[in-house]
Structures are given as C-alpha cells and as structure tokens.
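# Tertiary structure, described
So the chains spell out like this:
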Amino acid sequence: MKRLLALLLTLAVALGGAAPAFAETTLEKIERTGTLTIGTRTGSPPFGFVNKQNEWVGFSIDLVEQAIKPAIERKVGKSIKVEKKESTPATRIPLLTSNAVDLIAETMTDTRARRESVDFSLTFFVTGAQFLVNKRAPIKGIESIAGKRIAAQQGSTNARILRERVPTAQLREFPDQPAAFQALAQGQVDAYTNDGIQLAGLKAKAPNPGDWVIVGDFYSYEPYGMAMRKNESDFRHLVNVGLMEAIEAGKYFEIYEKWFGPKGEVPYPLTAENKRFMIMQVVPK
Amino acid sequence: MRYEFNWSVLWSGQSGSWLLQGLLTTLEISALAWLLAAALGILSGALRTVPWPPLRAAAAFYVEFFRNVPLLVWMFFWYFGVPPLLPGAVQDWLFNHGAEFWAGMFALGVYHGARMSEVIRSGIQSIPRTQFEASQAIGLSVWQAYRLVILPIAIRLIVPPATNESLNLLKNSSVALTISVAELTFQTRQIETYTARAIEALTAGTLIYLVLCVSIAAVMTRLERRFAIPGLIARVGAG
Amino acid sequence: MAEPAIAFRLVNKFFGRLHVLKDIDLTVAPGEVVVVCGPSGSGKSTLIRCVNALERVQSGEIVVLGESVTSAGANLTRLRTQVGMVFQSFNLFPHMTALQNIMLAPLKVRRLARAEVEKTARALLERVGIPDKADNYPANLSGGQQQRVAIARALAMHPKIMLFDEPTSALDPEMINEVLEVMTDLARDGMTMMVVTHEMGFARRVARRIVFMDGGVVVEEAAPEAFFASPTSDRARQFLSKILSH
C-alpha cells in the first residue's frame, strides 16, 4: 500500500510537472527564453477573446502587453515577446504550477483560498456577481432565487456563495458560458449568475440583447487579479510595478475606455468609487 | 519551486461528502445508461442478423448514426434539443427534476447502445448458422431461437469486449458534466475550486475511477467463469 | 395408395444462378424409408432441407402431410413440429444439457407441463441408449452420443416424419453403428424417413427405396435390391463402384 501511494505521488508529480529538480525563477526563465507566456481566455470578451478579425485580443491582454511587458523589459534589459495560451477556470492553476504559463491574465477572482496555491497581483478590475434573466422574469436579485433553477459557471466563486447563502436554489453548473446561456434561453434555468461584467459581455453578444436584463446588487465581491506561481516576489513586484505605473500615467484608464467605454466591446462604465480604488492601490515610489 | 501536497483537503470541509455524492451520481447514471445500452445493444445487434432486410437496415442505421457522432454532441442534443419538443408542463417538470441527469443518461445509453450493438452482432455472427437452423427445425420461432439459443450463447461469448465497452461507458459518464450533471469529475473540479488544490482533487478522482473499473472487471471475469459454456469457453481451473 | 407423406411436384431451386434442384417429382409414402444418395453437390441435402422449409424453392410445390409447404401462408411452426431433422454436425445447443436440449421444444413450442416433458425426455434418452447422460453438456459427450441426443431431441416433438442429413458423416467409424442402430429401430417402428447417407449397408437393410441424384436431378429411383444389383444409369453405376470399392 505504501509503495502504491509512493507510486501515485510520483505519478501526480510527473503529471503536474510540479517539481523541476533545478528550479529556475520565472524571471530567469523569461530572460533566458525572451518570452512571457500568459494564460488567457478565448471566449470572455472583453478580457480575452478572439474578435471578428480572428485576432486574440482583450483588456487583460492589453494590460500585459502595454503595462507589464515594458516593466519586465526594463528589468531584463532586452525586449521580450508575449505568448498566449488558452486557460479556463479548471486549467489555470495547473497551467501555472506545471510551468506551462507564467502569468494568468484573464478573469480570475483573487481569493484567500486561491492565495494558498498561487500569488496574485494588484486588483486590476472590480466586479461582483449578479443575475442575467429574461426581461419578463420575476427574479430581481439574490433575495428572489429561492427554489429557482440557477445556472452558474463551474469552478466559479459565485456558485459557492449561492450554495451557502441560498441552499434551496437549484444550482446547475456549466463548464462554459455558451452552454449556460443556451440553458437560460431555452428555459432549462430561470437565471444565469456570473460576475456582472461577464453577464454584460454575454448580453452584448446575444442575438436579441434587449430581451435580457442584468439584475440584483453585487452579492459577491470579485476583484480580478493576475495569478502567478507562489513565492516569486521579484516577478510579482514587476507585475505590480507595471500595473501601478499604468494607473499613475493614465494608461490603465485609456485601455479601460477602449474596452468598456460607450464604444467598447462591452460597455461597463468605471464608477467613481472603483476609479478611486484603483488609484489608491498605487503605493508611492 | 516545489509543489506542496496537502492531501487533507480531500477529507476536510465538504470534500468527502462531495466526492461521495459525485461517486453515487456517477454510479447511478452509469448503471441506468448501461441497462439502456445493453437493451438497445442486444436488440439492435440481434436485428442486424435477422433474416428480414428492413429490420437489418433500421438497426444498421441506428448503429451508424449514433456511434459516429461524438458523445458530447449527443449530450447537448438530449439536453437542449429534445425538451423543446415536449409540452410546456412536461418541460417544466423535467427541468425541476433533474432534466440534465436524464438527458445525460439517454445520451450515454443510446450512444453506448450503438457501440454495444456491434459487440453483440459480432458475438452472434461467430455462432455457426447451423445453430439457428437447428432451432428452426425443432419448431422455434425466430424470436424464440434468438431468445433461447442465439443470444444466450452470444452473450456468454462477448463478456470480455462487453466489459471493455461497459468500462468506457463508466468513464464517458464524466462528459455529462458539460450539461451540469454533478458527477464524480464535476465534484473533483468543485473541490479544486474551493481549495485550489488541482492535483490532490484530480488524484482522488483518478483513484476512484481506477477502483471502480478494476472492481467491475473483476466481477465480469467471475461472471464469465461462472456462466462459461463447457467446451465453448475454457473454464479456468476445471477439467 | 394412401395420400403421400411428402410429395415434390416439379420443384426447382436456385442458389443465385446455380440451378440446384431441377424439376423434382418425388413422393414418399407414410411409413416409407427413402435413402437419398449421390455424389457431393448433387442436391440431395438441399432436397431434404426443402421438406421442412429450411430452404425455399423458386417454383413447384412441396406437400407435406397434406399441406403445402411452399405456399405463402404456410404454417411453418406446425410443419416443423411434425417433421424432425437430424444434422450432420449434430447442432446440439452447447449451453444446455442433453436433457435440456430434448425438453426445449416441447416446453417452448408445445407449452407442455415440465414434469411430463421431462418424463418423455428421459424415456427418449433411454430409447437412444444413453439414459445416464441426461445432465451432460454436449461438449462432454462423444460424437455418437451427441447424435443420439440430437435424434432424441427431434423425436421429442412426436414427429410423423424424420429427415436425416448425413447423420453419420461427421462420426468416427466406431460410433457410426450406434447411430445407425437407433435409426434402424425407428424405421422398424414405422417412422416415415428421408435419409441422406453414404451408408450403403444401412440403405440395403432398411430403405424401402433408393433415390439416386446427380446434378440436381433424380436420376434413378429403385428398390434397394434392384438398385444395388443392376443400376440402370451410368452415373449410378459409377457412383456405386466408387462408394462400394472401399
């Protein structure tokens, strides 16, 4: 039995690629390869998605390329390129721990539980969970979902909160957004819950955006951060410096406007409160 | 950096009960789907060998149609495609009573029924034609010949490939998580979400699948020996 | 003469383009034992397989026990309960014991009571000389024993006609006689029989008539004494010289 366990452990380690014998820091790796590899989404507009011109773009990607990349380049003293790989809620932590990517830049909520496995950058976006419902539906927010069928994203914090706060709601968890929306459109579920910004993106893409409304106060606090391997404070510091400089110089707000402004992919105006929060994250030089 | 294992996440908090729920759902959906697959497989596999061409063609159509479309597509078909065809009240009842489970069960059962069909057919075709003639000659109808002679022999012959197919069905039941069935793989992901411990959760799931598959294979081997036909299949440990 | 048990009237049969039975006209009287012989490929097996409709014919008519077998609405189940058949390769059901093989049709086709069926089945095993093999599976019986179980299985439905399709061809020489003895007993009891066989000794002793076939045609029909002493056709003469020379 002991031997079996040892074997399985070895297998798990090998599969995870989790323990390179001669560890190289992320910064050393970037310096050696000249590449920063990020994990991002292909179907989460406007954070990371493939647009109509078939380009892989988005808010999170722009932040990496225009805020973080310059900071790293300054440090290593040469230009680097950004390589993108697809990540999903289920794969993002394994992608990091297996060294397949160096940075997760998508729609990942910073949580204390996740901080036990990975480190997070500053918060680069703030949202909270709400509900997308048909405009005729009676659901008005978390207070009116008891007994209702609610779709949620598998592996999201929203499902977890709902399960704890409204145990009578019938949760249906889908691995991807299109399936969840299909279930909503066909009436399999009464509402789809996700971060407000995700719902805004989904609504904007829907065939008849006017049929759908986003309802309810934020019932969760979802600060999005960029995730990286634990205990790499040099690298994390650079990521944060890049973000802080972008906020300070106004670059962050330009990028925000590009994606979330009235003409952006998903209109989602920056509230005064959130703008102040972003600025206050910037510590003095 | 070295990954630090923390196996306690598997029994702390709700993880244990989630794994158990997931295991039960996996067993439940697989068992029901297996019954459906066995029934459809035996029926269509037998029909593919009967002396009436229209029935043979219908069975062949079922097999080719269902086994050549990916299981994932069938999951979506039964979950998203079929309910709109039902009356509103039935739909609503279904949606409140595990529509995803039934859709997943049908998708698995019908898909694997088509694959099982091929196993049964090859079993039947390995039986000499003269067995069928002998059945006819003593006055059995075609239905009786299949029920009393052909299928009892064929089913004993196909235990090994059928076991294989059954294990595939069990493993494929994890595809049902795409339509929100909270089975074993779903729950291991859930644990991962809550604890951010991917490798531990994955290892637990893998181990459970492994134990399930090995036990099923062992039971089938015993059944095979127990019901072996003397002279047709070597009975291990006997004359 | 009474109505024939079996009558072939201008029967033609094809396997694809192959013309295997050509204008067969033949009758078998009740209680008569007819041996059909001929070189391989002559159509003799096909001929008797037509009697219980294991083979369908393309033209002509076959009447068995007063009923047409070849008409569209023929009741094949009833026909087959009245016509027993024994095959060259025994064709016992391997997943059933000897007794179960014999009991199957009376239980499932005639739906008789189990106790009664079992009694009959044991009596039949007694009659074919292997009462102690009731619980053996076919794989644990010798070829001769298997063929005797197969005969008992056919007799279990109380048929009025028995068809034998080369019943001893697959047997080792030392087992041939035990099967022929059972067949001889049956003939003595007045069973109507059509037998395809190369056992000319059996034919000489038991048959009332020999039918010689070649190339899908009945070439010669004669009583055994006449057939063996002075066959009228060249083909029968050639056949006999080959088969009797060893």
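Residues numbered from 1 in each chain as written. Chains lettered and ligands numbered in written order. Predicted model: local features only at pLDDT ≥ 70, side-chain atom pairs only at ≥ 80, totals over all residues. Heavy atoms only, no water.

On to the overall build of chain A, then. For chain A, the count of helices and strands is 11 helices and 13 strands. The C-alpha atoms of chain A give a radius of gyration of 20 Å, which matches the 19 Å a tight globule of 285 residues would have. Here the C-alpha coordinates of chain A stretch approximately 60 × 60 × 35 Å along the principal axes. Taken across its 285 residues, chain A has 54% of its residues classed as buried. Summarising the internal contacts of chain A: among those between residues at least 6 apart in sequence, 70% fall at separations of at least 24. When the accessible surface of chain A is split by element, carbon and sulfur atoms take 54% of a total near 13,100 Å². (Helix = DSSP H or I, 4+ residues; strand = E, 2+ residues; numbered from the N terminus. Rg over C-alpha atoms; globule rule 2.2 N^0.38 Å. Buried < 20%, exposed > 50% of the residue type's maximum accessible area, 1.4 Å probe, protein only. Contact = heavy atoms within 4.5 Å. Areas by Shrake-Rupley, 256 points an atom, 1.4 Å probe, with all protein chains shown as cover.)

A separate point is the interface of chain C and chain B. In this assembly, 25 residues from chain C lie in contact with 20 residues from chain B. Buried surface at the junction of chain C and chain B, both sides included, amounts to about 1,800 Å², of which 65% is carbon and sulfur. Taken together, chain C and chain B are joined by one salt bridge. Between arginine 49 of chain C and glutamate 133 of chain B there is a salt bridge, with the nearest N and O atoms lying 2.6 Å from each other. Seen at the junction of chain C and chain B, the total is five residue pairs in polar contact (both at pLDDT 80 or more). Of all the elements in the fold, those that place two or more residues in the side of chain C that touches chain B are helix H2 (76–82), strand E6 (83–86) and helix H3 (98–108) of chain C. A per-element tally of the side of chain C that touches chain B places H3 of chain C first, with three residues. Its residues placed into classes, the side of chain C that touches chain B shows 14 nonpolar, six polar and five charged. (Buried area = accessible area lost by both parts, 1.4 Å probe. Salt bridge = Lys/Arg side-chain N within 4 Å of Asp/Glu carboxyl O. Polar contact = N/O pair within 3.5 Å; in protein donor to acceptor, adjacent residues only side chain to side chain. Nonpolar A, V, L, I, M, F, W, Y, C, P; charged D, E, K, R; others polar.)

Here the focus is the interface of chain A and chain B. In this assembly, 39 residues from chain A lie in contact with 34 residues from chain B. For the pair chain A and chain B, the summed buried surface comes to about 3,000 Å²; carbon and sulfur atoms form 57% of the total. Three residues, Arg149, Arg172 and Gln188 of chain A, lead the burial of chain A against chain B; their summed loss comes to 16% of the area buried on that side. Viewed at the interface, chain B and chain A are joined by two salt bridges.

Below, the discussion takes up a nonpolar patch on the surface. Residue and element names in this part refer to chain B. Residues Leu32, Trp34, Leu35, Trp102 and Phe106 make up a contiguous nonpolar surface patch of roughly 440 Å² in combined accessible area. The leading source of residues in the nonpolar patch is helix H1 (residues 15–47), at three residues. With respect to the helices, strands and loops of the structure, leucine 35 is situated in helix H1. (Patch = residues over 30% accessible without salt bridge, like charges linked within 9 Å, V, L, I, M, F, W, Y side chains within 5 Å.)

Before going further, it helps to spend a moment on the side chain of serine 117 of chain B. All names here are of chain B. Mapping serine 117 onto the fold places it in helix H5 (residues 99–125). A polar side-chain atom of serine 117 sits 2.9 Å from a polar atom in the side chain of serine 44. Not counting residues up to four positions away in its chain, the partners in contact with serine 117 are Gly41, Ser44, Gly45, Arg48 and Val63.

Here we come to the sheet that holds strand E12 (residues 212–215) of chain A. All names here are of chain A. Strand order in the open sheet formed by five strands is E10-E9-E11-E8-E12, and the pairing between neighbours is mixed. Each of the sheet's edge strands pairs with one partner strand only, and the pair in question is strand E10 (170–174) and E12. The mean inter-strand angle of the sheet, taken between neighbouring strand axes irrespective of direction, is 30°. By the bridge criterion, four bridges tie strand E8 (residues 129–134) to strand E11 (residues 191–195) in an arrangement that is antiparallel. (Pairing = 2+ DSSP bridges. Axes fitted to C-alpha atoms, helices over the stretch in contact; angles between N-to-C directions.)

All right, on to the environment of serine 174 of chain B then. All names here are of chain B. As for its placement among the helices and strands, serine 174 is situated in the loop between helix H8 (159–172) and helix H9 (184–195). Counting along the chain gives 88 residues from serine 174 to leucine 86, while the straight-line C-alpha distance between them is 26 Å. Not counting residues up to four positions away in its chain, the partners in contact with serine 174 are Glu183, Thr185 and Tyr209.

Here the largest pocket defines a volume of roughly 510 Å³. Secondary-structure elements contributing two or more residues to the lining of the largest pocket are strand E2 (43–44), helix H4 (92–97), helix H7 (177–186) and helix H8 (196–205) of chain A together with H9 of chain B. Considered class by class, the residues forming the lining of the largest pocket number 10 nonpolar, 11 polar and eight charged. (1 Å grid on protein atoms, 1.4 Å probe; cavity = no way out; pocket = protein on both sides within 12 Å on 5 of 7 lines; lining within 4 Å. Points joined across faces, edges and corners; volume = space filled by probe spheres on them.)

Here we take up the packing of aromatic side chains. Scanning the model with the defined rule gives 36 aromatic pairs over all chains in all. Ring geometry for phenylalanine 59 of chain A against phenylalanine 125 of chain A: centres 6.1 Å apart, planes inclined by 70°, an arrangement best described as edge-to-face. On the criterion of sequence distance, the pair formed by phenylalanine 59 of chain A in helix H3 (residues 59–76) and phenylalanine 125 of chain A in strand E7 (residues 118–127) is long-range, its members being 66 residues apart. Summarising the aromatic geometry, the rings of phenylalanine 77 of chain B and tryptophan 78 of chain B are spaced 5.4 Å apart at their centres and angled 85° between planes, so their arrangement reads as edge-to-face. Taken together, the ring pairs in this structure connect Phe47, Phe59, Phe124, Phe125, Tyr224, Tyr252, Phe253, Tyr256, Phe260 and Tyr268 of chain A into an aromatic cluster. The ring of phenylalanine 253 of chain A carries lysine 275 of chain A above its face, with NZ or CZ at 4.9 Å from the centroid. Against the face of phenylalanine 228 of chain C rests arginine 204 of chain C, its NZ or CZ located 4.4 Å from the ring centre. (Phe/Tyr/Trp six-rings, centres within 6.5 Å; stacked < 30°, edge-to-face > 60°. Lys NZ or Arg CZ within 6 Å of the ring centre and 35° of its normal.)

Now for the pairing of strand E1 (residues 6–15) of chain C. Residue and element names in this part refer to chain C. Taken together, the five bridges between E1 and strand E4 (residues 59–64) define a ladder with antiparallel strand orientation. Bridge pairing in E4 links phenylalanine 8 to isoleucine 62. Connecting E1 to the antiparallel partner strand E2 (residues 18–28) that follows it, the hairpin turn spans two residues, and glycine 16 within it adopts a positive phi of roughly 65°.

Further remarks concern the nonpolar core. Formed by 58 residues in total, the largest nonpolar core has its most connected members in Tyr146 of chain B together with Ile6, Phe8, Val36, Leu47, Val64 and Met194 of chain C. Examining the composition of this core, we find that nine residues originate from one element, helix H7 (residues 142–157) of chain B, more than from any other. In contact with tyrosine 146 of chain B, other than residues within four places in its own chain, are Ala46, Thr49, Val50, Ile124, Phe132, Leu151 and Pro152 of chain B. Ranked by size, the runner-up nonpolar core spans 54 residues in total, among them Leu99, Ala156, Leu171 and Val179 of chain C. (Core = buried A, V, L, I, M, F, W, Y, C linked by side-chain atoms within 4.5 Å.)

Moving on: the environment of isoleucine 30 of chain A. Residue and element names in this part refer to chain A. By secondary structure assignment, the location of isoleucine 30 is in helix H2 (residues 26–33). For isoleucine 30, a relative accessible area of 0% gives the class buried. Along the sequence, isoleucine 30 and valine 282 sit 252 residues apart, while their C-alpha atoms lie 25 Å from each other. Once residues within four sequence positions are removed from consideration, isoleucine 30 is found in contact with Thr35, Leu36, Ile72, Ile80, Asp102 and Phe235.

Turning next to the arrangement of the chains. Here the protein chains form two pairs of chains in contact, of which the pair with the most contacts is chains A and B. Taking C-alpha atoms as the reference, chain A and chain C come no closer than 42 Å and do not contact one another.

What follows concerns the pairing of E6 of chain C. Along any regular strand the residues' side chains alternate between the sheet's two faces. Residue and element names in this part refer to chain C. Along E6, one buried face is formed by Val83 and Met85 and the opposite face, lined by Gly84 and Val86, is buried too. Of the strand pairs in this sheet, E6 and strand E7 (residues 161–165) are connected by four bridges, and their pairing is parallel. Bridge pairing in E7 links valine 86 to phenylalanine 164.

Residue and element names in this part refer to chain B. Here the structure, examined in full by the defined rule, presents 33 salt bridges over all chains. Taking the shortest distance from any N to any O, the salt bridge between arginine 67 and glutamate 64 comes out at 3.1 Å. Of this pair, arginine 67 and glutamate 64 both sit in helix H2 (residues 53–67), three residues apart, which is roughly one turn of the helix.

Once that is clear, we can look at the sheet that holds strand E3 (residues 33–37) of chain C. Picture the strands of a sheet paired through backbone hydrogen bonds; they go either parallel or antiparallel. Residue and element names in this part refer to chain C. One open sheet accounts for six strands, arranged E6-E7-E8-E3-E9-E10; its pairing is mixed. Two strands close off the open sheet at either side, each with one partner strand: E6 and strand E10 (217–222). Ignoring which end each strand starts from, the neighbouring axes of this sheet average 20° apart. Two strands pair when backbone bridges link them, and E7 and strand E8 (residues 192–196) are joined in this way by five bridges, in the parallel orientation.

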